[in-house]
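Examination of the molecular architecture
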Amino acid sequence: MSQKNLNLILTIAAIFFAVLAVVLLIVGFVYDAEHLFTKIMIIVVAILSLGLAGELAYMLYISGSVTPNYFLYDPKAKRNVSVQSLNAQMVNARMNRYFSKYAASEGKLWTDGILDDVNLDMADEFKPIVAYKLLIDLAQMDQESGWKCFELASPATVGFICVALKMNGEEEIANNLNMMKAVQPFQVKYVRDYLISNKAYLQSKMMRYVRDNIEKFQ
């Protein structure tokens, strides 16, 4: 059941029991006092109906409260924007913030062995996005310092990226990156040409992955 339909049902039910409570209270107070037990029962049912209406209203309030989504939440509007409005700039901004939890700069994620740690505290659902963004940023920046980061990265760091890519079905790219990393002496031209030529593909796959798995980022 969708959240919209659930809220509609809760609203109708809350209104129904609130109206019922008011009607029963009126009937109870004007009812012939000679039938005291019936009068008391009507008032009791009215009070219970009023309590149930309040409980349903509370459930409606809780269901309508916003659970911030990592990629969709707008802190100014205090609500989640629609998945359709999510764009690459928003994802990049959130991921820059996410990277800051692990390293002072993106380059250090490549060169400081941070991604080698078997005890790395990183949720699995974020790993493919981390891999996509690291590669996309190398291609978009297209600077010697960036390609040097790939060269200086440990095989384990590149391995982490490749495993993360495979989590989203990127077997071919992962295998190619592993092979290019293993070539000695390192051939930066191959890595550069490969990532730049696949930049648009990687960007589209990252965005599709985020949208398809958006509910995991609550």
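Being a predicted model, the structure only gives us computed values, none of them experimental.

**Some words on the pattern of salt bridges**
The full count for this structure, using the stated rule, is 8 salt bridges. Among the ionic pairs, aspartate 124 bridges to lysine 127, the shortest N-O distance being 3.0 Å. In this structure, arginine 192 and aspartate 193 form a salt bridge, with 3.4 Å as the shortest nitrogen-oxygen distance. Among the ionic contacts, a cluster of salt bridges with common partners joins Asp142, Lys189, Arg192 and Asp193.

**Thoughts on the confidence of the model for the chain**
Counting all residues, the mean pLDDT for the chain is 88, and 90% of those residues have values of 70 or more. Confidence scores differ between elements of the chain, with helix 2 (residues 36–64) showing the lowest mean pLDDT of 73 and helix 5 (residues 127–141) the highest of 98.

**Focus on helix 3 (residues 88–99)**
Every α-helix carries 3.6 residues per turn, so stepping three or four residues along brings you back to the same face. Compared with the 16 Å implied by 1.5 Å per residue over 12 residues, the 16 Å span of helix 3 between its first and last C-alpha is a close match. Among the residues making up helix 3, those that are buried are Ala88, Met90, Val91, Asn92, Arg94, Met95, Tyr98 and Phe99. Contact partners of the buried residues in helix 3: strand 1 (73–74), helix 4 (106–111), helix 5 and helix 10 (199–212). Where helix 3 starts, the residue carrying a side-chain oxygen 3.2 Å from the main-chain nitrogen of glutamine 89 turns out to be asparagine 87.

**Some thoughts on the packing of aromatic side chains**
What the rule picks out here adds up to 11 aromatic pairs. With a centroid separation of 5.3 Å and 90 degrees between ring planes, the pair formed by tyrosine 70 and phenylalanine 126 is classed as edge-to-face. Taken as a pair, tyrosine 70 in the loop between helix 2 and strand 1 and phenylalanine 126 in the loop between helix 4 and helix 5 lie far apart in primary sequence, 56 residues in all. No difference in accessibility class separates tyrosine 70 from phenylalanine 126, as the two residues are buried.

**Overview of the side chain of asparagine 92**
Along the chain, asparagine 92 turns up in helix 3. Looking at asparagine 92, the relative accessible area reads 16%, which means it is buried.

**With respect to the environment of valine 158**
Within the secondary structure layout, valine 158 lies in helix 7 (residues 155–166). Considering only alpha carbons, one finds valine 158 and leucine 115, 43 residues apart in sequence, at a separation of 8.7 Å. Setting aside residues no more than four positions away along its own chain, valine 158 makes contact with Phe150, Ala153, Leu177, Asn178 and Lys181.

**Overview of the packing of helix 5 against helix 10**
Where helix 5 meets helix 10, the axes come as close as 9 Å, and the angle between the chain directions of the two elements is 150 degrees. If you check the angle between helix 5 and helix 10, you find them roughly antiparallel. Two packed elements cross with a definite hand, and for helix 5 against helix 10 that hand is left-handed. Residue-level contacts link Pro128, Ile129, Tyr132, Lys133, Leu135, Ile136, Ala139 and Gln140 of helix 5 to Lys199, Leu202, Gln203, Lys205, Met206, Tyr209 and Val210 of helix 10.

**Describing the side chain of glutamine 203**
Along the chain, glutamine 203 falls in helix 10. For glutamine 203, the residues in contact, after removing those within four places along its chain, are Ala88, Ile136 and Gln140.

**Some details on unusual backbone geometry**
The omega torsion of the bond from glutamine 184 to proline 185 falls at -5 degrees, within 30 degrees of zero and hence cis. Tracing the backbone through its elements, the reader meets proline 185 in the loop between helix 8 (171–182) and helix 9 (188–197). Positive phi, close to 45 degrees, is recorded for aspartate 142, a residue that is not glycine. Residue position: aspartate 142 is located in the loop between helix 5 and helix 6 (144–152). For aspartate 142, a relative accessible area of 31% corresponds to the partly exposed category.

**What to know about the environment of phenylalanine 71**
Residue placement: phenylalanine 71 occurs in the loop between helix 2 and strand 1. Since its relative accessible area comes to 0%, phenylalanine 71 is described here as buried. Each C-alpha atom of the pair phenylalanine 71 and methionine 90 lies 7.1 Å from the other, and the pair is 19 residues apart in sequence. Filtering out sequence-adjacent residues up to four positions away, phenylalanine 71 remains in contact with Leu86, Met90, Val91, Arg94, Met95, Phe126, Ile129, Val210, Ile214 and Phe217.

Calculation notes
Residues numbered from 1 in each chain as written. Predicted model: local features only at pLDDT ≥ 70, side-chain atom pairs only at ≥ 80, totals over all residues. Heavy atoms only, no water. Salt bridge = Lys/Arg side-chain N within 4 Å of Asp/Glu carboxyl O. pLDDT = per-residue confidence, 0-100. Helix = DSSP H or I, 4+ residues; strand = E, 2+ residues; numbered from the N terminus. Expected span 1.5 Å × (residues − 1). Buried < 20%, exposed > 50% of the residue type's maximum accessible area, 1.4 Å probe, protein only. Contact = heavy atoms within 4.5 Å. Polar contact = N/O pair within 3.5 Å; in protein donor to acceptor, adjacent residues only side chain to side chain. Phe/Tyr/Trp six-rings, centres within 6.5 Å; stacked < 30°, edge-to-face > 60°. Axes fitted to C-alpha atoms, helices over the stretch in contact; angles between N-to-C directions. Parallel < 35°, antiparallel > 145°, perpendicular 65-115°, else oblique. Left-handed = near helix turned anticlockwise from the far one by under 90°.

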